[in-house]
Number of protein chains: 2
Amino acid sequence: MSAFTILEEYRSKYESLVNWFMYSELAVGAPEDLYRAAFHLIKAGGKRFRPMIVLSTARMLGGEQAETRALPLASAVEILHNFTLIHDDIMDNDDFRRGVPTTHKIWGVSFAILAGDLDYALAYKSLLMSKKYGLQQERILRAVEILTEATIKVSQGQAYDMRFEKEQSVDYNDYLEMIYLKTGALIEASAKLGAVAAVDEPSLIEKLGNYGKFVGIAFQIRDDILGIYGDPSKTGKPVYSDLKRSKKTLLLLYAYQHADGRDKEILEKILNRQRLGEEEYGEAADIIKRTGAYEYAQSLANKLAENAVRILNDITAVDEKAKEALRELAEFSVKREK
Amino acid sequence: MSAFTILEEYRSKYESLVNWFMYSELAVGAPEDLYRAAFHLIKAGGKRFRPMIVLSTARMLGGEQAETRALPLASAVEILHNFTLIHDDIMDNDDFRRGVPTTHKIWGVSFAILAGDLDYALAYKSLLMSKKYGLQQERILRAVEILTEATIKVSQGQAYDMRFEKEQSVDYNDYLEMIYLKTGALIEASAKLGAVAAVDEPSLIEKLGNYGKFVGIAFQIRDDILGIYGDPSKTGKPVYSDLKRSKKTLLLLYAYQHADGRDKEILEKILNRQRLGEEEYGEAADIIKRTGAYEYAQSLANKLAENAVRILNDITAVDEKAKEALRELAEFSVKREK
């Protein structure tokens, strides 16, 4: 992370701030075990990527005061993200995340559904607390609109993701639309929320939204790369995890279209959800790389990140260092190893 | 229902209004099957009890204009209620509701979780649409606060309900607190939301909230009575359904405390989640009645409904007929057969 010094400085500062806010203002309630389940994954770790975007955007456009007003919004996005993780883990039947058993593995499916539901409500509660932090009513309402719109999109994206699992072939554009909805929309919302804490101009808020949208899609494409080629000791995920789950990522879709003969047959087995031997997954990973899928995906992610940076460059910042943090974050999202 | 003529007139009018709003403004989206799942139970029926409270309260305090402004709030509460039903049915592993298979029985658990999540987001979207219906920003924000607070309580109540299932004995007060959280809080919120569409005075909004709270708890106690003694052809639930599910209702708790000898043993079997023969459930229902549990529960419900009516009587209404509808509704909630 040495190339991302400002990003790391901000991330670490914001992590402390957001954790303090979430743990003192929202993580305590009755019954205790429900709140423990609701904050289990949040406390297990995570990059706090979304709060980082909320707070840096607020600071970039409105300095320290806007940053302060944005804190409950940053917390809201992180809690909302966590709600989607809890429910996604149930739907995907995943056992581990962030190095710990998933919520439903510890508390059972029913209680985990409920813990996710509570998080959802607490995300709104967090947003509403921005009143105490000096955010004007009109802006709070705008924030509620942004969070609501994003959450609808996240549900839609998850539904498409589940549908794609059952389909033999998926169009690239449909795939990109799906990851925009499932992952990009909440990152887009994060940047918008930060902007809302600082400014009123809808066009400026939209611009930041586009920055977040590009970063979000790029982030997810990099995630797909790491899902096949990532180092398990860094990602915390099993080796070849996306292949083993037959995830129709951009890489697999591209590779299947560009492979032939025996190569295509092996990829077809994965697409058809057949269980393969461990070394066959390694072979499949090699095949995918040979088709140029890795380069294709990475260069698409890079282009999106560049677009995001171009948007930033066009915007006048109150705080240049925060702008630099967001520039680094766009780069980080496509270079990260975890 | 002949004793509730105004109530039925209003209910029927509001049902059409709220259905029109929900189906035209919120029930359409992509992917289509997700939206179909999200509105499956709503379209299957339901009393529209909560929208009825929202709209009657608004009309009582602010006349026709407030009623119009309250429509998106009424829709929000109904959709939120439906979200809790979808998730509750998964948690309780229920196969039927409103005469149709539950959402997860048709679409599977994963998709049903997601459909519930979408409903949750759409409830907020519905609230926010009140802007188009002329509700002032400050009041919309107050509505968001009310809905959020209620949703947190509903999650808490469901958690207590699940915990009580595992406990041998449950204190009456704990039980009443649980049904307040699980059922009463959203009905309380319904009355508050209606009030918010009409007036600004916090104390008046609180008073209506208390009306809703009393009605909500009374409604649930009557539900517990119907869960044992209800006519399956009216309630749509299997005969002795709450006994078969070993639900620790107020009636069972009271009866267990007041029974002895063989009677107590039979009730103990139910509390211990043992499966009984069909005629033993009938016997248990008789035992419970013999202890006076039915009268105890019904008279508590009646008292709560009377309290609710007393609160109404103290409030000056703009529309007396709407007030009468709410009076009838309080009575209906403890006399209903379904």
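The shown structure was predicted, so the numbers you read here are calculated from the model rather than taken from an experiment.

Caption draft 1: The arrangement of the overall build of chain A in detail. Counting its regular elements, chain A contains 15 helices and two strands. The C-alpha radius of gyration computed for chain A amounts to 20 Å, which stays within 12% of the reference 20 Å derived for 338 residues, consistent with globular compactness. In terms of principal-axis extent, the alpha carbons of chain A reach across some 65 × 50 × 35 Å. Across the 338 residues that make up chain A, the buried fraction comes to 61%. Within chain A, residue pairs in contact and separated by at least 24 positions form 75% of the contacts whose partners lie at least 6 positions apart. Total accessible area computed for chain A in this model is approximately 12800 Å², and 48% of it derives from carbon and sulfur atoms. Here chain A holds 46 positive side-chain charges and 51 negative ones, and the gap between their average locations is 2 Å.

Caption draft 2: Highlighting the packing of helix α8 (residues 202-229) of chain B against helix α15 (residues 320-335) of chain B. Residue and element names in this part refer to chain B. With their axes 7 Å apart at the nearest point, α8 and α15 run at an angle of 25° to one another. With respect to α15, the element α8 is oriented roughly parallel. Of the residues in α15, those in contact with Y211, V215, A218, F219 and R222 of α8 are L326, L329, A330, S333, V334 and K335. Of the residues that constitute the contact of α8 with α15, the class distribution is eight nonpolar, one polar and two charged.

Caption draft 3: Local environment of unusual backbone geometry. In this structure, the amide linkage connecting A30 of chain A to the following residue, P31 of chain A, adopts the cis form with an omega of -5°. In this fold, P31 of chain A is placed in the loop between α1 (5-26) and α2 (32-44). Of note in the backbone geometry, R48 of chain A takes a positive phi value of approximately 55° without being a glycine. Structurally, the position occupied by R48 of chain A is in the loop between α2 and α3 (49-92). On the basis of relative accessible area, R48 of chain A is assigned to the buried category, the value being 4%. With a phi angle near 55°, N93 of chain B is a residue other than glycine that sits in the positive phi range. Take N93 of chain B: it is sitting in the loop between α3 (49-92) and β1 (96-97). Overall, the relative accessible area of 52% leaves N93 of chain B in the exposed class.

Caption draft 4: Region of the structure containing the side chain of T148 of chain B. By the element assignment, T148 of chain B lies in helix α6 (residues 137-166). A distance of 2.7 Å separates a polar atom in the side chain of T148 of chain B from the backbone oxygen of V144 of chain B. Leaving out residues up to four positions away in the same chain, T148 of chain B has contacts with A121, Y124, K125 and L128 of chain A together with Y124 of chain B.

Caption draft 5: Representation of the pattern of salt bridges in the model. Residue and element names in this part refer to chain A. Overall, the coordinates contain 56 salt bridges over all chains when judged by the stated rule. Here R290 and D263 are joined by a salt bridge, their closest N and O atoms 3.1 Å apart. Taken together, the residues span a long stretch of sequence, with R290 in helix α13 (residues 278-290) and D263 in helix α12 (residues 261-271) at a distance of 27 residues.

Caption draft 6: Region of interest: the interface of chain B and chain A. With 38 residues of chain B at the contact, the number on the chain A side is 38 residues. Summing both sides of the interface, chain B and chain A together bury roughly 3500 Å²; the carbon and sulfur share of this comes to 72%. Here K131 of chain B ties to E145 of chain A by a salt bridge, and the two come within 3.7 Å at their closest N and O atoms. The tally of links from chain B across to chain A stands at eight residue pairs in polar contact (both at pLDDT 80 or more). Within the residue set of the side of chain B that touches chain A, elements represented by two or more residues are α2 (32-44), α3, α5 (109-128) and α6 of chain B. With 16 residues, α6 of chain B is the single largest residue contributor to the side of chain B that touches chain A. Looking at the side of chain B that touches chain A residue by residue, the classes come out as 23 nonpolar, eight polar and seven charged.

Caption draft 7: Quick peek at the confidence of the model for chain A. With 99% of its residues at a pLDDT of at least 70, chain A reaches an overall mean of 96. In the predicted complex, the global pTM is 0.96; the interface-specific ipTM is 0.96.

Caption draft 8: Region of the structure containing the nonpolar core. Counting residues in hydrophobic clusters, the biggest one holds 187 residues, and the most contacted among them are F39, L61 and Y211 of chain A together with F39, L61 and Y211 of chain B. Setting aside residues no more than four positions away along its own chain, F39 of chain A makes contact with M22, L26, A27, I79, D119 and L122 of chain A. L251, I270, A285 and A305 of chain A belong to the second largest nonpolar core, which has 42 residues in total.

Caption draft 9: How the structure looks around the environment of L71 of chain B. All names here are of chain B. Mapped onto the elements, L71 comes out in helix α3. C-alpha of L71 to C-alpha of L17: the two residues are 54 residues apart in sequence and 7.7 Å apart in space. The contacts of L71, once residues within four sequence positions are left out, are L17, V18, W20, F21, L55 and Y133.

Caption draft 10: The arrangement of helix α13 (residues 278-290) of chain B in detail. Residue and element names in this part refer to chain B. With 13 residues, α13 extends 19 Å from end C-alpha to end C-alpha; this agrees with the ideal 18 Å at 1.5 Å per step. Within the sequence span of α13, burial applies to Y281, G282, A284, A285, I287 and I288. Check the buried side of α13 and you find it contacts α8, α10 (241-244), α11 (250-258), α12 (261-271) and α14 (293-313). Of the residues one or two after α13, G292 is the one with positive phi, at around 90°.

Caption draft 11: Spatial organisation of the relation of the copies chain B and chain A. Each copy of the sequence occupies a distinct position, and chain B is placed on chain A by a rotation of 180° and an axial shift of 0.0 Å, giving an RMSD of 0.0 Å. Put plainly, the chains are arranged around a two-fold axis. Closest approach to the rotation axis within chain B is made by the C-alpha atom of L141 of chain B, at a distance of 3.2 Å. Mapped onto chain A, 100% of the interface residues of chain B again fall at the interface, so both copies present the same surface.

Caption draft 12: Seen up close, the packing of aromatic side chains. Applying the stated criterion across every chain, the model contains 26 aromatic pairs over all chains. Look at F49 of chain B and F219 of chain B: their rings are 4.4 Å apart centre to centre, the planes differ by 40°, and that puts the pair in the tilted class. Of this pair, F49 of chain B sits in helix α3 while F219 of chain B sits in helix α8, and the two are 170 residues apart along the sequence. Here the two residues F49 of chain B and F219 of chain B agree in accessibility, since each one is buried. Ring pairing ties together the aromatic residues F83, Y120 and Y124 of chain A together with F83, Y120 and Y124 of chain B, which thus form one cluster. The ring of Y10 of chain A has K13 of chain A sitting right over it, with the charged end atom 5.0 Å from the ring centre. Just above the ring of Y23 of chain B sits the side chain of K43 of chain B; from NZ or CZ to the centre is 4.9 Å.

Caption draft 13: Quick look at the environment of R11 of chain B. All names here are of chain B. As for its placement among the helices and strands, R11 is situated in helix α1 (residues 5-26). Through-space distance from the C-alpha of R11 to that of A284 is 36 Å; in sequence the pair is 273 residues apart. The residues contacting R11, other than those within four sequence positions of it, are K47 and M52. Of note is the side chain of R11, whose polar atom sits 3.1 Å from the side chain of E8.

The rules we used
Residues numbered from 1 in each chain as written. Chains lettered and ligands numbered in written order. Predicted model: local features only at pLDDT ≥ 70, side-chain atom pairs only at ≥ 80, totals over all residues. Heavy atoms only, no water. Helix = DSSP H or I, 4+ residues; strand = E, 2+ residues; numbered from the N terminus. Rg over C-alpha atoms; globule rule 2.2 N^0.38 Å. Buried < 20%, exposed > 50% of the residue type's maximum accessible area, 1.4 Å probe, protein only. Contact = heavy atoms within 4.5 Å. Areas by Shrake-Rupley, 256 points an atom, 1.4 Å probe, with all protein chains shown as cover. Lys, Arg positive; Asp, Glu negative; His and termini not counted. Charge placed at Lys NZ, Arg CZ, Asp CG, Glu CD. Axes fitted to C-alpha atoms, helices over the stretch in contact; angles between N-to-C directions. Parallel < 35°, antiparallel > 145°, perpendicular 65-115°, else oblique. Nonpolar A, V, L, I, M, F, W, Y, C, P; charged D, E, K, R; others polar. Polar contact = N/O pair within 3.5 Å; in protein donor to acceptor, adjacent residues only side chain to side chain. Salt bridge = Lys/Arg side-chain N within 4 Å of Asp/Glu carboxyl O. Buried area = accessible area lost by both parts, 1.4 Å probe. pLDDT = per-residue confidence, 0-100. Core = buried A, V, L, I, M, F, W, Y, C linked by side-chain atoms within 4.5 Å. Expected span 1.5 Å × (residues − 1). Least-squares fit on C-alpha atoms with pLDDT ≥ 70 in both. Phe/Tyr/Trp six-rings, centres within 6.5 Å; stacked < 30°, edge-to-face > 60°. Lys NZ or Arg CZ within 6 Å of the ring centre and 35° of its normal.

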